[in-house]
Amino acid sequence: MEHPYTNDLIQETSPYLLQHAHNPVDWKPWNEQTLAQAKKENKLLLISIGYSSCHWCHVMEHESFENTEVAQLMNAHFINIKVDREERPDVDNVYMNAVQLMTGRGGWPLNAIALPDGRPVWGGTYFPKEEWTSALEQIAKLYQTAPEKLIEYAEKLDQGMQEMDAIIPNDSNPDFQLETLQNAISQWSRQWDTRQGGLNRAPKFMMPNNYLFLLRYAHQNQDQEILEYVNTTLEQIAFGGVNDHVGGGFARYSVDTKWHVPHFEKMLYDNAQLVSLYALAYTKTKNLLYKETVYQTLAFIAREMTTEDGAFYSAIDADSLTADGILEEGAYYVWTKNELQTLIGDDFDLFKEYYNINSYGKWEKDNYVLIRQDTDQDFSKEFGISIQEIISKKNKWHEDLLRFRESNKEKPRLDDKILTSWNGLMIKGYVDAYRAFNEEEFLTAALKNATFISTHLIREDGGLNRTFKNGKSTINGYLEDYAAIVDAFIALYEVTADNQWLNKAKQLTDYTFKHFQNPENDLFFFTSNQDPSLASRNTEFYDNVIPSSNSIMAKNIFMLSHYYSDNTYGDTAKAMLHNIQPSIEQSPTSFSNWMDGMLNYTMPFYELVIVGKNAEVLRQEFDSYYIPNKLIATSTIKSDQDIFKGRYHDDRTFIYVCVNNTCQLPVETVKAALKLMEV
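First, a word on scope: everything that follows refers to the structure included in this document.

Scoring rules and cut-offs
- Residues numbered from 1 in each chain as written.
- Predicted model: local features only at pLDDT ≥ 70, side-chain atom pairs only at ≥ 80, totals over all residues.
- Heavy atoms only, no water.
- Core = buried A, V, L, I, M, F, W, Y, C linked by side-chain atoms within 4.5 Å.
- Buried < 20%, exposed > 50% of the residue type's maximum accessible area, 1.4 Å probe, protein only.
- Helix = DSSP H or I, 4+ residues; strand = E, 2+ residues; numbered from the N terminus.
- Contact = heavy atoms within 4.5 Å.
- Pairing = 2+ DSSP bridges.
- Axes fitted to C-alpha atoms, helices over the stretch in contact; angles between N-to-C directions.
- Salt bridge = Lys/Arg side-chain N within 4 Å of Asp/Glu carboxyl O.

Re the nonpolar core
The biggest cluster of nonpolar side chains holds 166 residues, and the ones touching the most others in it are Trp132, Leu214 and Phe489. The element best represented in this core is helix α19 (residues 479-496), accounting for 13 residues. Not counting residues up to four positions away in its chain, the partners in contact with Phe489 are Ile427, Ala450, Ile453, Ser454, Ile458, Trp501, Lys504, Ala505 and Leu508. Core analysis: the second largest hydrophobic core is formed by 20 residues, Trp30, Ile47, Val99 and Ala114 among them.

With respect to the sheet that holds strand β1 (residues 28-29)
With mixed pairing, the 5 strands of this open sheet are ordered in space as β1-β3-β2-β4-β5. Each having just a single partner strand, β1 and β5 (120-124) make up the two edges of the open sheet. Of the strand pairs in this sheet, strand β4 (residues 110-114) and β5 are connected by 4 bridges, and their pairing is antiparallel. Residue pairing for β5: Ala114 is matched across the bridge by Pro120. Sheet contacts for helix α2 (residues 32-41): β1, β2 (44-50) and β3 (78-84); angle to β3, the most-contacted strand, approximately 160°.

Here's the deal with unusual backbone geometry
Backbone torsion omega between Trp108 and Pro109 reads 5°, so that peptide bond is classified as cis. Within the secondary structure, Pro109 is located in the loop between α5 (89-103) and β4. In the segment running from Ala202 into Pro203, the intervening peptide bond is cis, with an omega of 0°. Here Pro203 shows up in the loop between α8 (178-188) and β6 (204-205). One non-glycine residue, Met207, lies in positive phi territory at about 50°. Mapping Met207 onto the fold places it in the loop between β6 and α9 (208-221). What makes Met207 buried here is its relative accessible area of 16%.

Some remarks on the pattern of salt bridges
Inspection of the entire model under this criterion finds 37 salt bridges. Taking the shortest distance from any N to any O, the salt bridge between Arg88 and Asp90 comes out at 2.9 Å. Judged by its relative accessible area of 5%, Asp90 falls in the buried class. Between Asp347 and Lys393 there is a salt bridge, with its nearest N and O atoms 3.0 Å apart. With Asp347 in the loop between α13 (337-344) and α14 (348-354) and Lys393 in helix α16 (residues 387-408), this pair connects stretches of sequence that are 46 residues apart. Under the relative-accessibility criterion, Asp347 is labelled partly exposed at 22%. Here the salt bridges do not stand alone but share partners, grouping Asp84, Glu86, Asp415 and Lys417 into one network.

Printed below as a string of structure tokens:
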């Protein structure tokens, strides 16, 4: 196909950048050559950031970036740079912080204007065409007539950005009290929607880490009220339209308060973390809905987001073509009543009750988004049908609808790049599912992906690369890549007892100490000291839809301090949390993973060391219990590793329960070990 326009993005591998390769805008990728050109020509940078499955990114492209008049304006006055935020979260962080300071809000598409040296002076998110062109004309004119005003503003904004990211070392001695968490939860709970789950506002994001923390807190403190809130949230999310009942997998968020109508894109990171959450919640509650949710989600991951080599793709778009050839959000996922009646046939009366093909499940026009309101147990009682029959019918409905959807509807676009950090989250999801259900194929998937990461994304110098696409591993990794992979490798070690994963976790952690750590506050910069400098060097510490890389890293280092009896690790993990602690009560939802880490210090944390020929069997039995405040080390052979030294016996398998380097007398059964623990 001939294209009237082709720009420099045609050389890139990112699906998002390639989507813009034939815009009339003279887009360039973010690299040293582009930045050098801006300085040489003394032109402002126009930086537009998005990602492949972003609906409003597509809208702005169609309205403005495909428009030749808008492109002429942009090309005349700016060096135009397109950035895939998933490939370059470092660039995204800088300009997102700037836009949030300037406007009080952020999101994607993210559009910013910067001086030739990269310092931002203006920005926002989505702009309608007229507003966009008007703003660009004004900024271009100001730069021509009074550039000193933009330079002065850039200096003030730069100062604000430095303060925004500052973590001031906490001079007091570390002192972690349960009261801090209690106060934070008390403040947080005022925002809870105890009827529909989540927070009492729309849109609603799943925020898996919030509920991982609250589940753990409720369990360890025997707080039934919080546990009920967590279970309400998990049940309503699983019932909602954000969960693709036909094909499995979760959309990014719902636009309403009942988790009904999603923003339809599916992200790997959401699904990975939700698998972990539902798997761990199952071990606590034995709720079969949670098991069903895990299995359906992982079936979707295996079918649609996994390569032959075991790597995981990044995302699936929200938009797809309708039968009329119109690009429309959610077209692949919504149903008309007539479609459903034809496909379901004689079972439609039951189906419409189960999935609310009524005013509750209607979205717009004649389109329905499937949503449940009842558990299978309640539905069974109301309609006089057995649970087994419901499950059988449901499986057939899903198979028939999925077959029709795949054969007759235009599939949304797939973002097929491999991101290291998100793959790490997915490894962890598979490991957590394996722990909960002892399903061997889940462990196989986790190991296959970990082998892929080790082979293709860990460099010879011990560092990680960020992305893999078309056989090429590129972009120096960020702290989030190291944090997620170290967490995943530690989890793999716990369930396999294979030392290679623990050794790799330690090696990657030591690499971050060398190349990322800020000695002033013991936290870690988002970028390596080997990366070209940006307008600011960020420290990511706010937990968001994905926990912050620093909070994940602090928990990793805490775990490694136990495995290796390393005081440097232990002191660093404690210092990181101590320096963050003053911020926790100000915004609990932004620090939930830090609070989870604080529970390691405010309540007992157990080392479970299992040594002997029967160690693997006992480890599996432990995993059937919800014990979030533990690490496990197992060995079926005699080992010189510090944690196993002197503990092996030829004819017996012993369990050692230890807290703070003090161990109880060894026992030989899980029940006996549990009696030694406050679980």
